[in-house]
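Inside the fold
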Amino acid sequence: MRYKQVKRGIFLARPNRFIAHVEVDGSMEVVHVKNTGRCRELLVPGAVVYLEKADQPKRKTQFDLIAVEKGSLLINMDAQAPNQVFGEWAKAGEWVPGLTLLKPETKFGHSRFDFYWEVEDFSTKRRGFVEVKGVTLEENGVVLFPDAPTERGVKHIEELIACHAAGYEAALCFVVQMEGMSCFRPNDRTHPAFGEALRRAREAGVQIFARECRVSPDSLTLIGNIPVEL
């Protein structure tokens, strides 16, 4: 995926989870943050950030904050981007060969999953659900999820287990919004219940995988798998 009209800025402050103050071309701009997570290790005063100019002229904020530099890393922070890059990748046939249907935002039980998919030909019919989670938290080359407790995330895992038990294929994809990581791990320190649910899901047959992204200030591309350590 590509962004348009990207500008570089310097992060100043984050008054609330929806907006940030950023220095752009010598002036302070109030910008929309496209990630409601804590991101405390990323959005620190003085950090270099990248902004996309909004295409709605009447909007209160002119820019969306989409990426940040953390040392030598460039990390995409757009919470909507993981679903978009996963969808592009899956439609290109890179995930399930012969995909005949990829439907976003599909309900099963009490949850709405990011994608429902089907493969159907004369001899085969496969169907399944996949949930996509964006990952921005990095520690010494290891990426972790979540960065804050997420009961909703635990619920999604439990529903994926139920999907698999009902005869569907079920998968959870962690889209790592940076490149060069050694592995993915659940953040048991922050939310032990999420890690426990993830391990139960793997034992139940849910596919769990992580793919990192190539990031530039104006693009995000899904590339290779990285190891998942549970």
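Let me begin by describing the structure that accompanies this report. (Residues numbered from 1 in each chain as written. Predicted model: local features only at pLDDT ≥ 70, side-chain atom pairs only at ≥ 80, totals over all residues. Heavy atoms only, no water.)

**Details of the overall build of the protein chain**
Along the protein chain, the regular secondary structure elements total three helices and 15 strands. At 18 Å, the protein chain has a C-alpha radius of gyration in line with the 17 Å of a compact globule built from 230 residues. Considering only C-alpha atoms, the protein chain reaches an extent of 60 × 40 × 30 Å along its principal axes. Across the 230 residues that make up the protein chain, the buried fraction comes to 49%. The long-range fraction of contacts in the protein chain, counting pairs at least 24 apart against all pairs at least 6 apart in sequence, stands at 61%. (Helix = DSSP H or I, 4+ residues; strand = E, 2+ residues; numbered from the N terminus. Rg over C-alpha atoms; globule rule 2.2 N^0.38 Å. Buried < 20%, exposed > 50% of the residue type's maximum accessible area, 1.4 Å probe, protein only. Contact = heavy atoms within 4.5 Å.)

**Examining the side chain of Thr61**
Tracing the backbone shows Thr61 in the loop between β4 (48–53) and β5 (63–70). The residues contacting Thr61, other than those within four sequence positions of it, are Val30, Val31, His32 and Ala54.

**Digging into the packing of helix α2 (residues 151–165) against helix α3 (residues 192–204)**
The interhelical angle for the contact between α2 and α3, taken along N-to-C directions, is 10°, at an axis separation of 9 Å. Overall, the two elements α2 and α3 adopt an arrangement that is roughly parallel. Listed contacts from α3 to Gly153, Val154, Ile157, Glu158, Ile161 and His164 of α2 are Ala193, Phe194, Ala197, Leu198, Arg200, Ala201 and Ala204. Looking at side-chain class alone, the contact of α2 with α3 contains nine nonpolar, two polar and two charged residues. (Axes fitted to C-alpha atoms, helices over the stretch in contact; angles between N-to-C directions. Parallel < 35°, antiparallel > 145°, perpendicular 65-115°, else oblique. Nonpolar A, V, L, I, M, F, W, Y, C, P; charged D, E, K, R; others polar.)

**Notes on a nonpolar patch on the surface**
Among the surface-exposed residues, Leu12, Met28 and Val30 lie close enough to one another that they form a single nonpolar patch of about 230 Å² accessible area. With respect to the helices, strands and loops of the structure, Met28 is situated in strand β3 (residues 27–33). (Patch = residues over 30% accessible without salt bridge, like charges linked within 9 Å, V, L, I, M, F, W, Y side chains within 5 Å. Areas by Shrake-Rupley, 256 points an atom, 1.4 Å probe, with all protein chains shown as cover. Salt bridge = Lys/Arg side-chain N within 4 Å of Asp/Glu carboxyl O.)

So, to be careful, I would describe these as geometric facts and stop short of saying anything about function.
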